[in-house]
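Per-entry structural report
Residues per chain are reported as follows:
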Amino acid sequence: MLKSQLISGEWLSPNFTSGNFRKTGITPHYMAGYLTAKQCCAIFANPARRASSNYTIGYDGEIWLCVPEEHRSWCTGSYENDIKNVTIECANLKDSSLTSATWESLVNLCVDICKRNGFKLNYTGDKRGNLTKHRWYQDTDCPGAWLNSRFEQLANEVNSKLNIIPTNPTKD
């Protein structure tokens, strides 16, 4: 089972497609709620929900595993995106912003995923990059206004921690 050592717990979801998919990107989401990582995993544990993510990050920064990385989570509505990207649900405040603890855990989890899978984040502002948005695949507000406006920042912070000089990404 492929998973980050940064997790505090796991509550595996039955909502996934089994496989041995090589991950080459990341798709961060927002929960549209102020939840703990465990509470979000509990939602994904319901088979009737027919949704999941690889990881959840609570408002306190705690990280839980829902679907091991080698499997496809049912997260973006895109088979192609979900087989190649690790999906991460993040708790948020009412204005869609993330707490500093959630943001820090998101950055650190992305660094860990990139290191273990041998890639850097490339945000291009469209589907050509490997840092993708849920809204590009379904009619949704996800990842929310706050996180949506910080994808370039996320890529730069992660790549900085990977000791990679940021490129000039295209903004959306």
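No experiment lies behind these values; they were computed from the predicted model shown. Throughout, residues of each chain are indexed from 1 in the direction in which the sequence is written. In keeping with the model being predicted, local features are shown solely for residues with a pLDDT of at least 70 and side-chain atom pairs are shown and tallied solely at 80 or more, while totals for entire chains, interfaces and linings include all residues. Neither water nor hydrogens contribute to the side-chain values; these are computed over all heavy atoms in the structure.

We now examine the overall build of the chain. Put simply, DSSP marks the helices as runs of H or I at least four residues long and the strands as runs of E at least two long, and each gets a number from the N terminus on. Looking only at helices and strands, the chain features five helices and seven strands. Going residue by residue from the N terminus, the α and β elements of the chain occur as β-β-β-α-β-β-β-α-β-α-α-α. When we talk radius of gyration, it's over C-alpha atoms, and the globule rule is simply 2.2 Å times the number of residues to the 0.38. For 172 residues, the compact-globule estimate of 2.2 N^0.38 gives 16 Å, and the C-alpha radius of gyration of the chain, at 14 Å, lies within 12% of that figure.

This next bit is on the nonpolar core. Nonpolar cores are built from buried Ala, Val, Leu, Ile, Met, Phe, Trp, Tyr and Cys residues. Side-chain atoms within 4.5 Å join them into one set. Partly exposed describes any residue whose relative accessible area lies between the buried limit of under 20% and the exposed limit of over 50%, with all areas from a 1.4 Å probe on protein chains only and scaled to the type maximum. Of all hydrophobic cores here, the largest spans 30 residues; its most connected members are Ile26, Tyr55, Ile88, Leu106, Leu121 and Val158. Secondary structure elements with two or more residues in this core: β4 (55-57), β5 (63-65), β7 (85-90), α3 (100-117), α4 (144-148) and α5 (151-161). Among the elements that line this core, the one with the most residues is α3, at eight residues.

Before going further, it helps to spend a moment on the pattern of salt bridges. Note on definitions: salt bridges are taken to be side-chain nitrogens of Lys or Arg within 4 Å of carboxyl oxygens of Asp or Glu. All chains considered together, the criterion is met by six salt bridges. Here Asp126 ties to Arg128 by a salt bridge, and the two come within 2.9 Å at their closest N and O atoms. With a closest N to O distance of 3.4 Å, Asp141 and Arg135 form a salt bridge. Residues joined by salt bridges that share partners form a network here, namely Glu69, Asp112 and Arg116.

Turning our eyes to something else, we now look at α5. Listed as buried for α5 are Phe151, Leu154, Ala155, Val158 and Asn159. The arc that holds every buried residue of α5, seen down its axis, measures 120°, which confines them to one face. By definition, residues are in contact when any of their heavy atoms lie within 4.5 Å. If you follow the buried residues of α5, they end up packed against β3 (25-30), α3 and α4. Where α5 ends, the next residue or the one after it, Asn163, has phi of about 60°, a positive value. To be clear, the arc concerns the directions from the helix axis to the C-beta atoms.

The next point concerns the state of the cysteines. When the sulfur atoms of two cysteines come within 2.5 Å, that pair is taken as a disulfide. All chains considered together, the criterion is met by zero disulfides. This cysteine, Cys110, is not joined by any disulfide, and Cys114 carries the nearest cysteine sulfur, 6.4 Å off. We classify Cys110 as buried; its relative accessible area is 0%.

On to unusual backbone geometry, then. Residues other than glycine predominantly adopt negative phi, and peptide bonds predominantly adopt the trans conformation. Along the chain, Cys142 connects to Pro143 via a cis peptide bond; the corresponding omega equals 20°. One can find Pro143 in the loop between α3 and α4. Unusually for a residue other than glycine, Ala32 sits at a positive phi of about 60°. Considering the arrangement of structural elements, one finds Ala32 in the loop between β3 and α1 (37-44). Note on Ala32: relative accessible area 58%, which makes it exposed. We note that Ser96 has phi near 80°; this positive angle belongs to a residue other than glycine. With respect to the helices and strands, the residue Ser96 is situated in the loop between β7 and α3. Judged by relative accessible area, Ser96 falls into the buried class, the value being 7%.

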